[in-house]
Amino acid sequence: MRLPLIAILALATAPVLAQAPTAAPGSKNIAAITGGTYTADPNHTLVTWTLDHLGFTPYTGIFGDVSGTLTLDPKNPNATKVDMTIPVSKVTTANSGLTAHLTRAAKDGGKPDFFGAAAADARFVSTSVVASGQNAKLTGNLTLNGVTKPVTLDVHFYGAGKMPAAMGGKENVGFHAVGTIMRSQFGLGFGLPMIGDSVKLDIAAAFQK
C-alpha cells in the first residue's frame, strides 16, 4: 500500500517539528532580565539614520557591526551604564556612489565632505539614565567626527530571555531607542540647507551575556 505524499512528508518532518521551539525565546517580561554586564551583539545592533533629501524624500542609511557593553541592574535601572562604539567607516546606504562619497578622502588638501577615508569610530558613553517602567531617558556623550556633544535617547525595553542551547544558550536583552542630532554640530555640514541638518536616529540594540 502506497502512502500519500503528504503522509510521507509529515512522517519525515515530525522529528524536526517536535524539536522546534514553540515560541520565541525573548519576551516582553522585564523580570526575565537578570542583570550584570552584557556585550553588544554586533550582528543585531543597528543604528539607522534618516535625514531630509532636498525636501522631496527622507533618506536612510545604517551603521552596523556595533560593539560595546551594557551594565544593568534590574533593581536599580537608573544606575545603568552604556558604552558603545560605532564603526563609521562601515556606513551603508542603498546607493554605492553615496556610500563612497561619505568615506571619500578630501580633495586638494581640504576637509572631506563627510567622514573621510580614515573615518574614526563614533562612541557613545552614558552619563545618566532616568527610567520609568519599561522606558527610559538615556543621556550620554556622543563623539562623532572628532566632536563630542551630549545626546539624549528615548529608550524602550524590547525583550529579554535565554537562547536555546542549540543557539548558544546565552541570555539576551534588547532595546529600541530613538533620538535626534544636528549633523552640523559635528562638523558634517556639507550640502546644507538643501540636505537636512536634523538627523533622526532609530536604534536596535541587542546585548548578550
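Only a predicted model underlies this, so the values are computations on that prediction, with no experimental measurement involved.

### Remarks on the packing of aromatic side chains
Counted by the stated rule, this structure contains four aromatic pairs. Ring plane angle 70° and centroid distance 6.3 Å describe the contact between F63 and F115, whose orientation is recorded as edge-to-face. Highlighted residues: F63 in strand β3 (residues 57-63) and F115 in the loop between α2 (96-102) and β7 (122-132), separated in sequence by 52 residues. The two residues F63 and F115 agree in class, both being buried. Geometrically, the ring pair formed by F114 and F190 is edge-to-face, given 5.2 Å between the ring centres and 70° between the ring planes. Here the residue F114 occupies a position in the loop between α2 and β7, and F190 occupies one in the loop between β10 (171-182) and β11 (198-208), the gap between them amounting to 76 residues. Since its relative accessible area comes to 12%, F114 is described here as buried. Linked through ring pairs, F157, F175 and F207 together constitute an aromatic cluster. A cation over a ring is seen here: K28 above Y158, with NZ or CZ 3.6 Å from the ring centre.

### Remarks on the side chain of R183
Along the polypeptide, R183 turns up in the loop between β10 and β11. Buried charge R183 goes without a salt bridge, the closest partner of opposite sign being D197 at 4.7 Å. Reaching out from R183, the side chain makes a polar contact with the backbone oxygen of L188 at a distance of 2.6 Å. Among all residues touching R183, those that are not within four sequence positions of it are L51, F114, L188, G189, F190, G191, L192, I195, G196, D197 and V199.

### Focus on the layout of surface pockets
Taken as a whole, the second largest pocket holds about 350 Å³ of empty space. Residue lining of the second largest pocket: 20 residues in total, with Y158, G159, N172, V173 and G174 positioned closest to the centre. In the lining of the second largest pocket, the residues fall into 11 nonpolar, eight polar and one charged.

### Some thoughts on the pairing of strand β4 (residues 67-72)
Only one face of β4 is covered, namely the face carrying G68, L70 and L72; the face carrying S67, T69 and T71 is uncovered. Here four bridges tie strand β1 (residues 36-40) to β4, and the two strands are oriented antiparallel to one another. Within β4, the residue paired with T37 across the bridge is T71. Summarising the sheet, β4 and strand β5 (residues 81-86) pair through five bridges and their orientation is antiparallel. Looking across to β5, one finds that G68 is bridged to M84.

### Brief notes about a nonpolar patch on the surface
Nonpolar side chains collect at one region of the surface, where L54, F56 and M194 lie side by side and expose about 360 Å² of accessible area between them. Among the secondary structure elements, F56 is positioned in the loop between β2 (46-53) and β3.

### A few points about the pattern of salt bridges
Inspection of the entire model under this criterion finds five salt bridges. Residues R104 and D113 are paired through a salt bridge, measuring 3.3 Å at the closest nitrogen-oxygen approach. The exposure class of R104 is partly exposed, given its relative accessible area of 35%.

### Comments concerning unusual backbone geometry
Look at the link from L192 to P193: it is a cis peptide, with omega at 0°. In this structure, P193 sits in the loop between β10 and β11. Although it is not a glycine, D65 adopts a positive phi angle of roughly 55°. Assignment of secondary structure puts D65 in the loop between β3 and β4. Its relative accessible area of 38% is what places D65 among the partly exposed residues. For N145, which is not glycine, the phi dihedral falls at a positive 60°. Its place among the elements puts N145 in the loop between β8 (135-144) and β9 (147-162). Residue classification places N145 among the partly exposed residues on the basis of a relative accessible area of 30%.

Cut-offs and rules
Residues numbered from 1 in each chain as written. Predicted model: local features only at pLDDT ≥ 70, side-chain atom pairs only at ≥ 80, totals over all residues. Heavy atoms only, no water. Phe/Tyr/Trp six-rings, centres within 6.5 Å; stacked < 30°, edge-to-face > 60°. Helix = DSSP H or I, 4+ residues; strand = E, 2+ residues; numbered from the N terminus. Buried < 20%, exposed > 50% of the residue type's maximum accessible area, 1.4 Å probe, protein only. Lys NZ or Arg CZ within 6 Å of the ring centre and 35° of its normal. Lys, Arg positive; Asp, Glu negative; His and termini not counted. Salt bridge = Lys/Arg side-chain N within 4 Å of Asp/Glu carboxyl O. Polar contact = N/O pair within 3.5 Å; in protein donor to acceptor, adjacent residues only side chain to side chain. Contact = heavy atoms within 4.5 Å. 1 Å grid on protein atoms, 1.4 Å probe; cavity = no way out; pocket = protein on both sides within 12 Å on 5 of 7 lines; lining within 4 Å. Points joined across faces, edges and corners; volume = space filled by probe spheres on them. Nonpolar A, V, L, I, M, F, W, Y, C, P; charged D, E, K, R; others polar. Pairing = 2+ DSSP bridges. Patch = residues over 30% accessible without salt bridge, like charges linked within 9 Å, V, L, I, M, F, W, Y side chains within 5 Å. Areas by Shrake-Rupley, 256 points an atom, 1.4 Å probe, with all protein chains shown as cover.

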